[in-house]
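Letter by letter, the chains look like this.
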Amino acid sequence: MKSISSLLIGIACATSVVTVEAGDWAGWRGPTHDGIAASGQKIPTQWNDTQNVIWRVAIPGRGHASPTVVGDRIFVPTADEKKRVESVLCLNRKDGSRIWRKDLHRDGFTKKGHRLHKSHASSSVAWDGERAIVNFMSGNAIHTTALDANGRQLWQTKITDYVTHQGYGSSPFIYKSLVLVSADNKGGGCLAALDRETGSVIWKNDRPKLPNYPSPVVYNLFGKDQLLMSGCDLVTSLDPMTGKKHWEIEGSTTECVVTMVTDGKRVFTGGGYPKNHTVAVMADGSGKIAWQNTSRIYVPSMIAKDGHLYATSDSGFAICWNSETGQELWKERLGGDFFASPVMLDDRIYATNLRGKTFVFDASPNEFNLITSNQLGFESYASPVICGNRLYLRVAKRGGGSRQEYLYCIGNDR
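Quantities reported herein were computed from a predicted structural model and do not represent experimental measurements.

Participant: Residues and numbers for the pattern of salt bridges, please.
Facilitator: Note that side chains of opposite charge can pair when their charged atoms are close. Taken as a whole and assessed by the stated rule, the structure comprises 20 salt bridges. With its nearest N and O atoms 3.9 Å apart, the salt bridge here joins arginine 84 to aspartate 107. Taken as a pair, arginine 84 in the loop between strand S5 (73-80) and strand S6 (85-92) and aspartate 107 in the loop between strand S7 (98-106) and strand S8 (126-127) lie far apart in primary sequence, 23 residues in all. Assessed through its relative accessible area of 30%, arginine 84 is described here as partly exposed. Put simply, Arg62, Arg355, Glu379, Arg394, Arg403 and Glu405 are held in one network by salt bridges that share partners.

In structure tokens form, the structure reads like this:
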């Protein structure tokens, strides 16, 4: 992991320069792709609609994607359900003001599906240093699009046809010269690698004809980079440059949403259909399942740190396991349902439930200790983001009989 001060990249644009610092939240699950924020940041543990709010800004439309925070920019995917338009917003990180909006797809909404998630903008943007790359489902297909820092479309690639079951929410992953994209579905999806500069397909692997929703992720394990995917009843490891299989076992349930995490020896995933299933698989290619249980960690991704695995279950429990043995060290009810993934800052975990309440508790294997809980709005699907001594929360509020989304920037000072 790079230090927070070790990387400064100046990107010359037509009208501006974007400076990206290591520790920025450049894609789904943050700087190390595992929900762990850069250490040493100062984030408040208490806030409300006025307390410790640096700024808030209304987000048009609806989306469950988390914000991507890089340099002086914030990228937010959204979809206007009435106008049937899917877009990316670019906001000023300092005050939330809009820099640009780029509409990418029109009139491509599916007529069925979205039974649970109700969003046509669930994939987070990945920033590669020059391009904002995003996935959308439109016209019964998955498309990946690259925009420059000024919102100009650089390329757009159709990944695969898509048979909707419960929508689409997989986020792109930046790996060296590639962007990795997954699109599992009942019609027969794929896992693909695109050239980041041109959008051309470098490799593409067919996947089983089953509904499934995880985002791809790459970790270096046992001396090699492993592209990891779960679901479709499989746990799969590929060479991210070529798509060739490192190893694969029948080790997960059919439908998963979580992005896999690792403790350096094992990889962890969870699923929720047709069975509730959490599993640890050895990442050495042996095919060995280290442990498994019937906990329903279906939608919120987990966090692995210092030999322990932390999770918030869909039904509202916070859980800590020994990552080697699977021994449950504690389990406590938080309350409410959870779709958002928790994030960790040093020794604290921030977890937001569906009703917009964020719980802050100690990341300790010894015992569960709730520090505080804070309410914003009435609904939240997007996962929290922590970077630059700021906490970003995407929530929905009611007013005048309508639903309005907001992005809040939380901090200790103005």
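Read on for the rest.
Participant: So what about the sheet that holds strand S15 (residues 201-206)? Which residues, and what values?
Facilitator: With antiparallel pairing, the four strands of this open sheet are ordered in space as S12-S13-S14-S15. Because the sheet does not close on itself, it has two edges, and the strands there are strand S12 (173-175) and S15. The sheet shows a mean angle of 20° between the axes of neighbouring strands, taken without regard to direction.

Participant: For the side chain of arginine 394, give the residues involved together with the corresponding values.
Facilitator: Following the sequence through the fold, arginine 394 ends up in strand S33 (residues 390-399). A distance of 3.3 Å separates a polar side-chain atom of arginine 394 from the backbone oxygen of glycine 63.

Participant: Kindly report on unusual backbone geometry, identifying the contributing residues and their values.
Facilitator: Following tyrosine 273, the chain continues into proline 274 via a peptide bond in cis, with omega recorded as 0°. Checked against the element boundaries, proline 274 lands in the loop between strand S21 (266-271) and strand S22 (277-282). Residues other than glycine seldom take positive phi values, yet asparagine 140 does so here, at roughly 55°. Tracing the backbone through its elements, the reader meets asparagine 140 in the loop between strand S9 (132-138) and strand S10 (141-147).

Participant: Hey, could you go over the environment of glutamate 405 for me, with residue numbers and the actual values?
Facilitator: You can see glutamate 405 is positioned in strand S34 (residues 402-410). The buried category is assigned to glutamate 405, whose relative accessible area is 2%. Sequence spacing of glutamate 405 and valine 395 is 10 residues, and the spatial spacing of their C-alpha atoms is 5.6 Å. Setting aside chain neighbours within four positions, we find glutamate 405 in contact with Val57, Ala58, Ile59, Gly61, Arg62, Gly63, Arg394, Val395 and Ala396. Polar side-chain contacts of glutamate 405 include one of 3.2 Å to the backbone nitrogen of glycine 63. Within polar-contact distance, the side chain of glutamate 405 engages the side chain of arginine 403 at 3.1 Å.

Participant: A description of the sheet that holds S22 should follow, citing residues and the corresponding values.
Facilitator: Across a sheet, strands are paired by hydrogen bonds formed along the backbone, either parallel or antiparallel in direction. The four strands are arranged S20-S21-S22-S23 in an open sheet whose pairing can be described as antiparallel. Every interior strand has two partners, whereas the edge strands, strand S20 (261-262) and strand S23 (289-293), have only one. Bridge count for S20 against S21 is two bridges, and the pairing is antiparallel. Pairing of valine 261 across the sheet is with phenylalanine 268, part of S21.

Participant: Could you give me a rundown of the nonpolar core, with the residues and numbers involved?
Facilitator: The biggest cluster of nonpolar side chains holds 36 residues, and the ones touching the most others in it are Leu180 and Val267. Top contributing element to this core by residue count: strand S16 (residues 217-221), with four residues. With residues up to four places along the chain from it excluded, the contact list for valine 267 reads Leu221, Leu228, Val235, Trp247, Met260, Val261, Thr262, Val279, Ala280, Val281 and Ala283. Within the second largest apolar cluster, 31 residues are counted, among which are Ala37, Ile43, Leu91 and Cys409.

Participant: Would you mind going over the pairing of strand S29 (residues 348-352) in detail, with residue names and values included?
Facilitator: Of all five residues in S29, four are buried, a share of seventy percent or more. Both strand S28 (residues 343-345) and S29 contribute to a ladder of three bridges, which runs antiparallel. Following the sheet pairing, leucine 345 is matched in S29 by arginine 348. Between S28 and the antiparallel strand that follows it, S29, lie two residues; aspartate 346 among them carries a positive phi value of about 55°.

Conventions and cut-offs
Residues numbered from 1 in each chain as written. Predicted model: local features only at pLDDT ≥ 70, side-chain atom pairs only at ≥ 80, totals over all residues. Heavy atoms only, no water. Salt bridge = Lys/Arg side-chain N within 4 Å of Asp/Glu carboxyl O. Helix = DSSP H or I, 4+ residues; strand = E, 2+ residues; numbered from the N terminus. Buried < 20%, exposed > 50% of the residue type's maximum accessible area, 1.4 Å probe, protein only. Pairing = 2+ DSSP bridges. Axes fitted to C-alpha atoms, helices over the stretch in contact; angles between N-to-C directions. Polar contact = N/O pair within 3.5 Å; in protein donor to acceptor, adjacent residues only side chain to side chain. Contact = heavy atoms within 4.5 Å. Core = buried A, V, L, I, M, F, W, Y, C linked by side-chain atoms within 4.5 Å.

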